[in-house]
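# Working through the structure, step by step
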Amino acid sequence: MPHADSALVPETITTKAEFWAHTYSQLEALLDSQQRNWVTNLSNASSLLYSSLLAFSPHFGNGQRAVNWCGFYLDSELFPQPRNPSQRGESGVRAPSGRLLLGPFNGKPACQYINIAPGKARGVCADAFLQKRTVVVSDVESYPGHIACDGETRSEIVCPLILREASGVLGVMDLDCLVVGGFDNEDKAGLEKIAELIVTACDW
Ligand code: SME
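From a predicted model like this one, the values you see are computed outputs, not experimental measurements. (Residues numbered from 1 in each chain as written. Predicted model: local features only at pLDDT ≥ 70, side-chain atom pairs only at ≥ 80, totals over all residues. Heavy atoms only, no water.)

Our focus in this paragraph is the pattern of salt bridges. All chains considered together, the criterion is met by six salt bridges. Here Lys16 makes a salt bridge to Asp187, at a shortest N to O gap of 2.5 Å. Remark: Asp187 occurs in helix 4 (residues 185–201) and Lys16 occurs in helix 1 (residues 16–30); sequence separation between them is 171 residues. The pair Lys16 / Asp187 is uniform in exposure class, with both members buried. A salt bridge links Arg154 to Glu141, with the shortest nitrogen-to-oxygen separation between them at 3.5 Å. Taken together, the residues span a long stretch of sequence, with Arg154 in the loop between strand 4 (135–137) and strand 5 (155–163) and Glu141 in the loop between strand 4 and strand 5 at a distance of 13 residues. The exposure class of Arg154 is partly exposed, given its relative accessible area of 26%. A network of salt bridges, in which partner residues are shared, links Lys16, Asp184 and Asp187. (Salt bridge = Lys/Arg side-chain N within 4 Å of Asp/Glu carboxyl O. Helix = DSSP H or I, 4+ residues; strand = E, 2+ residues; numbered from the N terminus. Buried < 20%, exposed > 50% of the residue type's maximum accessible area, 1.4 Å probe, protein only.)

By the criterion of burial, helix 3 (residues 124–131) is predominantly enclosed, with six of the eight residues buried. Residues of helix 3 that are buried include every one of Val124, Cys125, Ala126, Asp127, Ala128 and Phe129, and no others. The elements touched by buried residues of helix 3 are strand 1 (67–75), strand 2 (99–107), strand 3 (113–115), strand 4, strand 5 and strand 6 (168–177). Within two residues after helix 3, Lys132 carries a phi angle of roughly 50°, on the positive side. (Contact = heavy atoms within 4.5 Å.)

If you want it as structure tokens, here you go:
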């Protein structure tokens, strides 16, 4: 099957439970076990989720094109240090920590980093990362500290990527929606399973 076809959603799929089960198995097949690089796998995961949700639009978010952004923010410690010495930190090692950096995504451009350092942390992604739990925001305008990357976003869900064997958080998976109340408990359950699959499929 051509890779792009993995984002097709058959017309027989009409409920969210069916949609998330279908998307999980499509992603499982797409994440080739021979290829465990997280940049590569997160790129395909964000594309698959975004494109599948677009195809499922008639059944999601009141029938509108609902999900406008889907991607990842990752602990800056996971990124390789620069090879050009002039760009390294004073210690000669790496650029600032205490941040989540923008990773692979689909949608419009978004903020490049999010503070997670004590006293500086703010927003839905930082909260999900620091509290190690999924945060569902029904209305972004009433969420204290929400960072608006796109003024059209109305609701949001952020799942942490948890490396169980190390009890550590690697980053977050973030989805934005154009309607209030876009994500419910079925989306939370479906996305948490997908987050677990993604973590397991990559080397970190
Ligand atoms: N709204 C997020 C920022 C990331 S964008 O939505 C892509 C937050 O409050 O952390």
